[in-house]
Number of protein chains: 2
Amino acid sequence: MSKFHNLALTLAMESEEAAPFLAAADSARKNMALLTLAGLLEKSAARILAANRQDLAAAKKIGLSAAMRERLALNKDRITAMADGARKVATLPDPVGRILDGGVLPNGIRISRVRVPLGVILMIYESRPNVTVDAACLSLKSGNACILRGGREAVRSNRELGRLIALALKSAGLPEQSAQTVTIPDRELVTALLALDRHIDLVVPRGGKGLVETVMQGSRIPVLKHLEGVCHTYVDATADPGMAERIVLNGKLNRPSTCNATETLLAHRKVAAFLPGCLAALAAAGVEIRADEETEKIAKKAGIQTIPATEEDWRTEYNDLILSVKIVPDIDSAIHHVNSYGSGHTDAIVTRSLAAAERFKRDVDSSSVMVNVSTRLADGAEYGLGAEIGISTNKLHARGPVGLEGLTTYKWIVEGEGQIRE
Amino acid sequence: MSKFHNLALTLAMESEEAAPFLAAADSARKNMALLTLAGLLEKSAARILAANRQDLAAAKKIGLSAAMRERLALNKDRITAMADGARKVATLPDPVGRILDGGVLPNGIRISRVRVPLGVILMIYESRPNVTVDAACLSLKSGNACILRGGREAVRSNRELGRLIALALKSAGLPEQSAQTVTIPDRELVTALLALDRHIDLVVPRGGKGLVETVMQGSRIPVLKHLEGVCHTYVDATADPGMAERIVLNGKLNRPSTCNATETLLAHRKVAAFLPGCLAALAAAGVEIRADEETEKIAKKAGIQTIPATEEDWRTEYNDLILSVKIVPDIDSAIHHVNSYGSGHTDAIVTRSLAAAERFKRDVDSSSVMVNVSTRLADGAEYGLGAEIGISTNKLHARGPVGLEGLTTYKWIVEGEGQIRE
């Protein structure tokens with residue numbers, strides 16, 4: 001057993017003890033803690049920035065890349081954004097206590113399913129210290145105790161933020177242990193925490209695929225995860241060419257590094273005529289096109305350079321200015337391609353055919369299936385969830401964009417006047 | 001890699017190929033398969049019973065206990081019950097396609113969450129061959145392909161039942177591979193199947209705690225599980241003594257071997273006067289009472305024999321005519337005991353106090369929290385679910401009694417006319 005087992009167990013059991021207080025807290029109390037935190041963040045900006053400067057200096061010393069340091073860096077604006085985030089969460093409806101369904105059974109018993117918090121949530125994330133505040137706010141509003149394990153490079157910033165979170169909790173009459181910030185950077189502590197499935201109800205890794213896979217492999221606790229987004233836009237035979245081009249360009253170019261960016265364009269053979277213009281626009285925007293043979297021929301005629309797509313390309317999340325393009329003979333092939341090579345994240349069809357739209361919606365097995373909109377719109381904010389825990393590529397519990405509801409479960413409430421089983 | 005890896009992969013991939021056909025099948029087609037199966041079961045009774053006799057003979061030869069053989073045995077009545085079960089599932093509402101919520105977003109996009117099947121479900125169960133039919137019917141109705149792995153001692157019965165299931169599927173125009181019966185008894189094949197988290201969406205172990213724990217430990221696939229039921233009945237200070245006794249007796253005696261039987265009675269010190277009568281009735285029914293010191297004294301005065309309860313008793317699911325009994329000073333202690341020692345399954349309070357009922361409902365963290373009814377009523381049929389997959393002790397995805405809905409997930413359907421992300 002790891003030398004961190006006892007420490008992990010103490011952390012988890014302290015969270016477990018705090019959990020019932022959070023579960024029983026009404027919205028007013030939770031919102032008070034959130035608003036207090038917002039104020040504290042702004043008032044303590046100097047201290048937060050001082051701690052962050054120490055993190056940045058240490059990061060430079062160990063040779064962390066400029067991009068990583070940029071993610072680690074806080075400034076006045078980012079602190080204001082954190083405070084505004086806490087205020088925003090305070091305005092959201094409380095998921096706890098919502099009645100999902102219910103009624104009266106033949107024997108007179110009243111039954112209902114009521115949303116309740118999960119209990120203890122472990123958040124594991126990378127360098128951005130603002131996730132500490134964000135994760136604490138989401139856990140708090142959904143009535144869960146949380147253990148916050150941020151990146152080792154952000155330890156000083158996170159310690160300072162954790163202190164303010166504890167202060168805000170205390171001032172609202174909630175246990176300080178409701179949100180515990182782990183500032184021991186040792187990975188073995190994470191491993192030890194991930195083994196505690198009797199004490200921790202959910203792990204939420206927030207970060208790159210490497211982090212998510214490490215957590216998945218090491219965890220005995222259920223993981224709410226985002227693994228990858230290999231998203232497709234399929235341009236059907238009947239698509240409006242202008243709309244198709246707009247949707248494809250937005251899907252690829254709006255923010256190529258995101259999980260809901262389009263990675264593969266599938267075009268029906270009949271709309272091959274739309275391709276040269278669309279590919280030219282993509283190439284002009286700096287997109288590298290990895291094409292199947294048929295697309296390559298069309299591109300060549302139009303003087304657009306392509307690279308031959310390999311089998312691996314169809315499975316790849318580029319997160320970059322790269323698009324794989326394939327011509328398909330019919331919608332069946334398109335759907336088959338999406339279900340075989342995609343990641344079940346977000347896939348769109350562009351079409352004017354009602355039958356094609358219905359087929360695509362029914363048969364594509366993805367968390368978001370779209371008709372005539374950009375894959376980039378698959379997002380908690382766009383879907384009106386208010387807050388986004390992340391986009392889940394799980395099929396169970398929560399699928400696709402996840403709001404506060406994803407941090408809750410339900411219990412059955414059963415009430416009678418002495419009914420027994422006959 | 002296990003020598004069964006390739007076989008497991010073939011099974012899983014055949015199920016994966018069948019899954020889209022099931023997902024797209026309308027209720028009429030699925031019900032046709034169910035009703036055809038019911039008819040086939042009755043017509044083929046002689047063949048089923050012949051196969052079952054061979055299983056029974058083999059079971060006797062290897063020295064299987066009489067109780068195990070009784071569970072393995074089929075007869076005309078049990079076959080009729082299987083057929084009726086299939087007909088019952090045909091009458092249930094189809095969970096697939098149900099719209100959970102939806103609306104129009106500010107940018108004019110229409111969004112909805114729609115129930116869809118999970119895909120491929122692996123059912124792992126023990127000796128009773130009727131589970132083969134039951135599991136196939138529930139998977140089929142919920143639009144899922146399934147792999148059915150029954151007990152090794154029921155291989156011949158299951159092979160015959162599997163043949164009829166395949167026939168029924170085929171006659172309804174569904175792929176025979178929609179429900180695949182595994183009749184290779186080797187455990188390594190199960191291990192190999194449990195590793196295929198890329199191809200199988202859910203594992204449902206149906207059987208004792210040993211089976212469930214083995215599956216949990218070996219699985220990389222999410223497990224819908226019932227682990228244990230350490231259920232409490234708490235008799236509050238204000239309880240009606242007659243009602244309390246009726247509920248406690250029913251909770252313990254109605255069917256002691258079930259997961260929702262009451263295992264621990266917690267009594268408020270103020271109702272200690274109710275105890276002698278209740279304990280006498282329990283003792284008269286053959287219940288062994290494991291008592292804390294205070295209960296012991298009361299029982300002794302009334303001439304009722306008890307055994308001192310150990311720390312272990314409070315955590316034990318007896319599934320037998322044994323009840324642990326503890327006197328508590330207040331409702332806080334009762335709730336704390338339930339949350340500390342219980343299994344989060346089903347817990348009841350008997351009370352006339354509104355405040356006590358509200359406290360108990362809010363603070364007990366169990367899948368079913370009951371007021372003035374017997375714990376034995378926690379059950380899919382009692383809750384009106386129509387069919388029961390099982391009672392889940394998971395907090396995520398499905399909690400407590402699980403109906404067909406538990407074998408589904410949802411997808412987001414997003415429709416517009418060219419909207420993009422700005």
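Residues numbered from 1 in each chain as written. Chains lettered and ligands numbered in written order. Predicted model: local features only at pLDDT ≥ 70, side-chain atom pairs only at ≥ 80, totals over all residues.

Enquirer: I keep staring at helix 12 (residues 293-301) of chain B and nothing clicks. Help me out?
Expert: Residue pairs three or four apart in sequence face the same way in an α-helix, which turns once every 3.6 residues. Residues and elements named next belong to chain B. Within the sequence span of helix 12, burial applies to Thr295, Glu296 and Ala299. Buried residues of helix 12, seen end-on, are gathered within an arc of 105° and therefore sit on one face of the element. Seen from the open side of helix 12, the exposed residues pointing more than 90 degrees away from its buried face are Glu293, Lys300 and Lys301. Its buried side turned inward, helix 12 meets helix 11 (275-284), strand 9 (288-291), strand 10 (307-308) and strand 11 (322-328). (Buried ≥ 20, exposed ≤ 12 C-beta atoms within 10 Å, placed from the backbone. Helix = DSSP H or I, 4+ residues; strand = E, 2+ residues; numbered from the N terminus. Arc of directions from axis to C-beta. Contact = placed C-beta atoms within 7 Å.)

Enquirer: Would you mind going over the relation of the copies chain A and chain B with me for this structure?
Expert: Applying a rotation about an axis and a shift along it to one chain copy brings it onto the other copy. Rotating chain A by 180° and translating it 0.0 Å along the rotation axis places it on chain B, where the RMSD comes to 0.0 Å. Look at the turn and shift together and you get a two-fold axis relating the two. When each C-alpha of chain A is compared by its distance to the rotation axis, His397 of chain A comes out closest, at 1.9 Å. Comparing interface residues between copies, 100% of those in chain A also sit at the interface in chain B, which points to an isologous, same-surface contact. (Least-squares fit on C-alpha atoms with pLDDT ≥ 70 in both.)

Enquirer: What is the right way to look at the sheet that holds strand 4 (residues 145-149) of chain A in this model?
Expert: Across a sheet, strands are paired by hydrogen bonds formed along the backbone, either parallel or antiparallel in direction. Residue and element names in this part refer to chain A. If you walk across this open sheet you meet the four strands as 5-4-3-6, and the pairing is parallel. Of all the strands in the sheet, just strand 5 (179-182) and strand 6 (202-206) have a single pairing partner and so form its edges. Pairs of neighbouring strands in the sheet enclose a mean axial angle of 15°, with direction left out of account. The pairing of strand 3 (residues 120-125) with strand 4 spans five bridges and is classified as parallel. Residue pairing in the sheet places Ile121 in a bridge with Cys146 of strand 4. (Pairing = 2+ DSSP bridges. Axes fitted to C-alpha atoms, helices over the stretch in contact; angles between N-to-C directions.)

Enquirer: Whenever I open this one, the pairing of strand 7 (residues 231-235) of chain B confuses me. Can you help?
Expert: For a regular strand, side-chain orientation follows a simple rule: the groups alternate between the two sheet faces. Residue and element names in this part refer to chain B. Across the five residues of strand 7, five count as buried, placing the element largely inside the fold. Side-chain alternation along strand 7 places Cys231, Thr233 and Val235 on one buried face and His232 and Tyr234 on a second face that is also buried. Regarding topology, helix 10 (residues 241-253) serves as the crossover connection from strand 7 to the parallel strand 8 (residues 262-268), and that connection is right-handed. With four bridges connecting them, strand 7 and strand 12 (residues 346-350) associate as parallel partners. Along strand 12, the bridge assignment pairs Val235 with Val350. (Right-handed = clockwise from strand over helix to strand, strands pointing away.)

Enquirer: Would you mind going over the confidence of the model for chain A with me for this structure?
Expert: Caution is warranted with low-pLDDT regions, since their predicted coordinates should not be read in detail. Considering every residue of chain A, the mean pLDDT works out to 96; 100% of them sit at 70 or more. Quick note on the complex model: pTM equals 0.94, ipTM equals 0.95. (pLDDT = per-residue confidence, 0-100.)

Enquirer: Is there a simple way to explain the interface of chain A and chain B in this structure?
Expert: By convention, interface size is frequently given as the accessible area that disappears when the constituent parts associate. Contact with chain A, which involves 50 residues of that partner, is made by 50 residues of chain B. Where the side of chain A that touches chain B is concerned, the elements lending two or more residues are helix 1 (5-24), helix 10 (241-253), helix 14 (354-363), strand 13 (368-373) and strand 16 (408-419) of chain A. Taken together, the residues of the side of chain A that touches chain B sort by class into 22 nonpolar, 15 polar and 13 charged. Summarising the sheet, strand 16 of chain A and strand 13 (residues 368-373) of chain B pair through five bridges and their orientation is parallel. Bridge pairing links Glu415 of chain A to Val371 of chain B in strand 13 of chain B. (Nonpolar A, V, L, I, M, F, W, Y, C, P; charged D, E, K, R; others polar.)

Enquirer: In this structure, what is going on with the nonpolar core? I would like to understand it.
Expert: The nonpolar side chains of soluble globular proteins are, as a tendency, buried together. Counting 247 residues, the largest nonpolar core has Leu37, Ala86, Leu193 and Val203 of chain A together with Ala86, Leu193 and Val203 of chain B as the members making the most contacts within it. Beyond its immediate sequence surroundings of up to four residues, Val203 of chain A is in contact with Leu122, Ile124, Leu194, Val215, Ser219, Ile221 and Val223 of chain A. (Core = buried A, V, L, I, M, F, W, Y, C linked by C-beta atoms within 7 Å.)

Enquirer: When you look at the packing of helix 5 (residues 76-91) of chain A against helix 6 (residues 130-141) of chain A in this model, what are you seeing that I'm missing?
Expert: A pair of packed helices is characterised by two quantities: the angle between their axes and the separation of those axes. Residue and element names in this part refer to chain A. Two elements in contact, helix 5 and helix 6, have axes separated by 10 Å at closest approach and are oriented at 10°. Here helix 5 lies roughly parallel to helix 6, going by the angle between them. For the pair helix 5 and helix 6, the contacting residues are Arg78, Met82, Gly85, Ala86 and Val89 in the first and Asn130, Val133, Asp134, Cys137, Leu138 and Lys141 in the second. By residue class, the composition of the contact of helix 5 with helix 6 is six nonpolar, two polar and three charged. (Parallel < 35°, antiparallel > 145°, perpendicular 65-115°, else oblique.)

Enquirer: Can you walk me through helix 5 (residues 76-91) of chain B in this structure?
Expert: All names here are of chain B. Helix length check: helix 5 (16 residues) gives 23 Å between terminal C-alpha atoms against 22 Å at 1.5 Å per residue, within 8%. Of all the residues in helix 5, the buried ones are Ile79, Met82, Ala83, Gly85, Ala86, Val89 and Ala90. The buried side chains of helix 5 occupy one side of the element, clustering within an arc of 150° when seen end-on. Along helix 5, the residues that are exposed and aim more than 90 degrees away from the buried face are Lys76, Asp77 and Thr91. Residues of helix 5 that are buried sit in contact with helix 2 (27-43), helix 3 (45-61) and helix 6 (130-141). (Expected span 1.5 Å × (residues − 1).)

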